[in-house]
Amino acid sequence: MERIEVTLVNSFTDNGTGGNSAGVVFNADKLSNTQKLKIAQAVGFSETAFVSEDNEADFEVSFFTTTSEVDFCGHATLAAFSTMYQKAIIPVGNYVQRTKAGMLAVCIDPNGKIVMEQKLPQKLRDFSYQEISDVLGIEVNILERTALPIEVISTGLPDVIIPVPLGFLDKIKPNDHNIAEFCRKHKVVGFHVFELYEQQNTLTASCRNFAPLFGISEESATGTSNGALACYLAEHLDIGCDYVFEQGRAMNCTSIITASVQIEESQVIDVRVGGFADVIDTVEISI
């Protein structure tokens, strides 16, 4: 029996509070996918990152939920690179990680903030207010108040981006079964629901993320979903291209995620998501 060391990390923290927990395993080159899944299940967090050597990129990173492998995970990327920086494995600088979503850049700022590149957005489809109302349990006329579309956007993972009027976000009582069945039917990861703040607020929006199809009833901080949201806002609203999102408020675990979008000739040419992380603990798991 082999014992594997796992670092436990809170990602997208706000001055040491909040965040979304992820596991990080280094020197994962010899682990099979079956072993990785077993480790992720033992850790029990929404995602665990496995860091390996790579001949072209600086690192290869794979991501496992408690049910399966996913192509990319923002908060687990943040956890992995922040841990390497805090443990002095790597210094401040620019790196490239190989993921199943592609070769993606990661920057470590001098203050320890991690900023990760995401895939350019793919707009996959849209849904009517009625379709989402039936699943999310919000009346159609409330969803219609936003006058904004409901779209599936992927910057690594496909999420349904759903706007709701200010004041309605925390009233949502998600039905895990209904959301999971909808996501399974339409081949999406989850629902990313947001409400916009007034422009004078330092925060752009508050978000909630539901991904029960992958064993995650609600997630307190997400990287790819907020990258997709940033692209959505850049297209539909004239509020600039740099955003600050809070997530996890309804879980009493408020996290802060920054995002930026670069646009040329009406096309997104770069998407970046950033934040801070705190190492919680190190544990050993037997496989």
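Scroll up to find the structure this text is about.
Conventions we followed
- Residues numbered from 1 in each chain as written.
- Predicted model: local features only at pLDDT ≥ 70, side-chain atom pairs only at ≥ 80, totals over all residues.
- Heavy atoms only, no water.
- Buried < 20%, exposed > 50% of the residue type's maximum accessible area, 1.4 Å probe, protein only.
- Helix = DSSP H or I, 4+ residues; strand = E, 2+ residues; numbered from the N terminus.
- Pairing = 2+ DSSP bridges.
- Right-handed = clockwise from strand over helix to strand, strands pointing away.
- Core = buried A, V, L, I, M, F, W, Y, C linked by side-chain atoms within 4.5 Å.
- Contact = heavy atoms within 4.5 Å.
- Expected span 1.5 Å × (residues − 1).
- Salt bridge = Lys/Arg side-chain N within 4 Å of Asp/Glu carboxyl O.
- Polar contact = N/O pair within 3.5 Å; in protein donor to acceptor, adjacent residues only side chain to side chain.
- Disulfide = S-S within 2.5 Å.

Draft legend 1. Structural view of the pairing of strand S3 (residues 47-52). For S3, the tally of buried residues reaches six of six residues, placing the bulk of the element in the interior. Judged by which residues are buried, S3 turns out to be covered on both faces: Glu47, Ala49 and Val51 on one side and Thr48, Phe50 and Ser52 on the other are all buried. Summarising the sheet, strand S2 (residues 20-25) and S3 pair through four bridges and their orientation is parallel. Bridge assignment links alanine 22 to a residue of S3, and that residue is glutamate 47. Assessed by its sense of winding, the connection that carries the chain from S2 through helix H1 (residues 33-43) to S3 is right-handed. Both S3 and strand S4 (residues 59-64) contribute to a ladder of five bridges, which runs antiparallel. Bridge pairing links alanine 49 to phenylalanine 63 in S4. What sits between the antiparallel neighbours S3 and S4 is a turn of six residues.

Draft legend 2. Molecular detail of the nonpolar core. Phe59, Phe63, Phe81, Phe194, Leu229, Tyr232 and Phe245 are the most contacted members of the largest nonpolar core, which has 55 residues in total. Top contributing element to this core by residue count: helix H6 (residues 224-236), with seven residues. Among all residues touching phenylalanine 245, those that are not within four sequence positions of it are Thr204, Ala205, Cys207, Asn226, Leu229, Ala230, Leu233, Ser255, Ile256, Ile257 and Ala259.

Draft legend 3. Representation of H6 within the structure. Relative to the 18 Å expected for 13 residues at 1.5 Å per residue, H6 spans 18 Å between its end C-alpha atoms, a close match to the ideal helical length. In terms of burial, H6 is a largely internal element, 11 of the 13 residues being buried. Here H6 has its buried residues at Thr224, Ser225, Asn226, Gly227, Ala228, Leu229, Ala230, Cys231, Tyr232, Leu233 and Ala234.

Draft legend 4. The arrangement of the pattern of salt bridges in detail. If you walk through the whole model with that rule in mind, you get 12 salt bridges. Between glutamate 284 and arginine 3 there is a salt bridge whose closest N-O contact spans 2.8 Å. Here glutamate 284 is found in strand S17 (residues 267-286), whereas its partner arginine 3 is found in strand S1 (residues 3-13), with 281 residues between them in sequence. Classification of glutamate 284 as partly exposed rests on a relative accessible area of 48%. One salt bridge in this structure joins aspartate 54 and arginine 98, with 2.6 Å as the shortest N-O distance.

Draft legend 5. Fine view of unusual backbone geometry. Positioned with a positive phi, lysine 187 is a non-glycine residue whose angle comes to about 55°. Secondary-structure assignment places lysine 187 in the loop between helix H5 (176-186) and strand S12 (190-196). A relative accessible area of 70% places lysine 187 in the exposed class. Even without being a glycine, asparagine 252 presents a positive backbone phi close to 55°. By the element assignment, asparagine 252 lies in the loop between strand S15 (242-247) and strand S16 (255-264).

Draft legend 6. View of the side chain of serine 225. Within the secondary structure layout, serine 225 lies in helix H6. Reaching out from serine 225, the side chain makes a polar contact with the side chain of aspartate 159 at a distance of 2.9 Å. With near-sequence residues (within four places) excluded, serine 225 lies in contact with Asp159, Ile161, His192 and Asn209.

Draft legend 7. Looking closely at the state of the cysteines. Applying the stated rule across the entire model yields zero disulfides. The closest cysteine sulfur to the non-disulfide-bonded cysteine 231 is located on cysteine 241, 9.6 Å from its own sulfur. On the basis of relative accessibility, which here comes to 29%, the residue cysteine 241 falls in the partly exposed class.

Draft legend 8. Layout of helix H2 (residues 74-86). Its 13 residues place the ends of H2 18 Å apart at the C-alpha level, agreeing with the 18 Å of an ideal helix rising 1.5 Å per residue. In terms of burial, H2 is largely enclosed, as 11 of its 13 residues are buried. What H2 keeps buried is the set Gly74, His75, Ala76, Thr77, Leu78, Ala79, Ala80, Phe81, Ser82, Thr83 and Met84.

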